[in-house]
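# Secondary and tertiary structure notes
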Amino acid sequence: MTARTPLEVTALRARGILDSRGYPTVEVTAVLGDGARLVAAAPAGASTGEHEAVEVRDHGPEYGGRGVRRAVRNVDGEIAALVTGRVWESIDELDAALGALGGTPGYSRLGANAVVAVSIAAARGFAHAAGAELHAWIAGRLGTAERLPVPHFNVLNGGAHAVNGLDFQEFMIAPVDAGTEEHAVQVGAEVYHALAAVVRERYGTAGLGDEGGFAPPISDPRVALDLLLTAIEAAGHTPGVDRVAIALDPAANGFHLGSGRYRIDGRELDDEGLTGYYRDLIEHYPIRSVEDGFAEDDPHGWATQAAALLGRVQLVGDDLYVTDPARIRDGAAHGYTDAVLIKPNQIGTVSQTFDAIRAAREAGMACMVSHRSGETADTFIADLVVGSGVGQLKSGAPARGERVAKYNRLTEIEIDHPALPYGLA
Ligand code: 2PG
Ligand code: MG
């Protein structure tokens, strides 16, 4: 599976499609010499990091300025001219050429939304040309042992993904000891339905946030965590860091007041105060992971948190690292976290995403592969998490088509490869 097969793309074209929020995003189709058509679509974040690769949007009258006609034109024009003009020996070569063509940092001229869709379509093309399944081709490129991940289902939404008063963005449940992907998905869905019933009964509503989790009118993170415990038990499962665990993405950029001061549920906290707040939560709830506990521009906060909590809970950097190998290495040198969130569209191409995973691995850090809050039916991240063998995925609630597309792809891979291990790496 590791033999390199060159890629020849005979046609490359793009169009705008709607994402899960009803805004346009870029879909790319690559046609190969044998007639195969490989399709890929770019996701879109709402709580984006300052240092992410840059989407190109039209800023015109259509879709409130969020149109992607310019990004589509970039694919149909100069990117297609580049990609179809020659035979590509590797994804690294093709991605490097995309970077050189763009000529600006973060793909700000061509659009990261154009580039990431082209790169994913090309990755599918390389796998097809090699006669390999996408996850197996990825494992070959990375030299990794494949593994089915623990899914982290985001079942309560706040922050930039909902209109309730909840400052924390994501409350996830992770069936760590489920044994198989199929059972993990079942546990996630059962807890989701139990939570729907509790939320409806207590708040008279089961309105949803952007990632398919419920968004009841609550503001205290502890109330949200109590709801999760109630739902896990009501569904007949056992809360616990080694059973059905909880994971948080506070996404602290969203409640950072500046200068290392944060406001949660009306309470103002400094770096020490926020660290103590997390310590208290970890002591009272079976929390296994905290992502973006501090803002991307608060190094003192990250250092304070690491000194107190590293080793007691997984600390994940998302906006902090933006899937950038250089930023990951810097974070590792400072000892800020022991884990990295991996989102291909934050950095722009598949090969840079591979480099980010390699950088994390070399630093001894874990990885969690992630969707964006704006998604499509594209399932690339499911193959990425299996092929890279990192053992952790977050793709939103176990409901809504764009979220379950990824979980359903995982169970499909499991059926085809029943010997693959399930669980944390
Ligand atoms: C995050 C992501 C995905 P967004 O913060 O981790 O859950 O949100 O895509 O809006 O950046
Ligand atoms: Mg995040």
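Small disclaimer: the values here were computed from a predicted structure and weren't measured.

Each value, and the rule that gives it
- Residues numbered from 1 in each chain as written.
- Chains lettered and ligands numbered in written order.
- Predicted model: local features only at pLDDT ≥ 70, side-chain atom pairs only at ≥ 80, totals over all residues.
- Heavy atoms only, no water.
- Axes fitted to C-alpha atoms, helices over the stretch in contact; angles between N-to-C directions.
- Helix = DSSP H or I, 4+ residues; strand = E, 2+ residues; numbered from the N terminus.
- Left-handed = near helix turned anticlockwise from the far one by under 90°.
- Contact = heavy atoms within 4.5 Å.
- Near = heavy atom within 4 Å.
- Polar contact = N/O pair within 3.5 Å; in protein donor to acceptor, adjacent residues only side chain to side chain.
- Areas by Shrake-Rupley, 256 points an atom, 1.4 Å probe, with all protein chains shown as cover.
- Nonpolar A, V, L, I, M, F, W, Y, C, P; charged D, E, K, R; others polar.
- Donors = N, O, S within 2.8 Å, 3.2 Å for Na, K, Ca; no water.
- Buried < 20%, exposed > 50% of the residue type's maximum accessible area, 1.4 Å probe, protein only.
- Phe/Tyr/Trp six-rings, centres within 6.5 Å; stacked < 30°, edge-to-face > 60°.
- Lys NZ or Arg CZ within 6 Å of the ring centre and 35° of its normal.
- Expected span 1.5 Å × (residues − 1).

## Some words on the packing of helix 7 (residues 271-284) against helix 8 (residues 299-309)
When two helices pack together, their arrangement is given by the angle between the helix axes and the distance between those axes. Where helix 7 contacts helix 8, the two axes come as close as 9 Å, and the packing angle between them is 35°. Helix 7 and helix 8 meet at a crossing whose hand is right-handed. The residues of helix 8 that touch helix 7, namely those facing Asp271, Glu272, Thr275, Tyr278, Arg279 and Ile282, are His300, Gly301, Thr304, Gln305, Ala308 and Leu309.

## Notes on the site of ligand 1
Around ligand 1 sit 16 residues, and of these Ala46, Glu170, Glu211, Ser373 and Lys394 come closest. Glu211 places a polar side-chain atom, nitrogen or oxygen, 2.6 Å from an oxygen atom of ligand 1. In the environment of ligand 1, an oxygen atom lies 2.8 Å from a nitrogen or oxygen atom belonging to the side chain of Arg372. Protein contact buries 100% of the 310 Å² of open area that ligand 1 shows by itself. Within the shell around ligand 1, the residues separate by chemical class into two nonpolar, six polar and eight charged.

## Points about the coordination of the magnesium ion (ligand 2)
For a metal bound by four donors in tetrahedral geometry, the ideal donor-metal-donor angle is 109.5 degrees, whereas six donors in octahedral geometry ideally sit at 90 or 180 degrees. For the magnesium ion (ligand 2), the full set of protein donor atoms is Asp249 (OD), Glu291 (OE) and Asp318 (OD), at a range of 2.0 to 2.2 Å. Donor residues for the magnesium ion (ligand 2) sit on one chain with the sequence pattern D-x41-E-x26-D. With Glu291 in strand 11 (residues 287-291) and Asp318 in the loop between strand 12 (314-317) and helix 9 (325-334), the pair connects residues that are 27 residues apart, well separated along the chain. Just as Glu291 is buried, Asp318 falls in that class too.

## Quick look at the packing of aromatic side chains
A complete count under the given rule lists 13 aromatic pairs for this structure. Linked through ring pairs, Phe168, Phe171, Phe255, Tyr262, Tyr277, Tyr278, Phe294 and Trp302 together constitute an aromatic cluster. Across the ring face of Tyr23, the terminal group of Arg66 is positioned such that the distance to the ring centre comes to 4.7 Å. Positioned above the aromatic ring of Trp88 is the side chain of Arg86, whose terminal nitrogen or guanidinium carbon lies 4.0 Å from the ring centre.

## Regarding helix 7
Over its 14 residues, helix 7 runs 20 Å from end to end, which matches the ideal 20 Å to within 8%, given 1.5 Å per residue. Buried-residue contacts for helix 7 involve helix 6 (221-234), strand 7 (244-249), strand 9 (261-264), strand 10 (267-270), strand 11 and helix 8. Two or three places before Glu272, at the start of helix 7, stands the capping residue Asp270, its side-chain oxygen 3.3 Å from that residue's backbone nitrogen.

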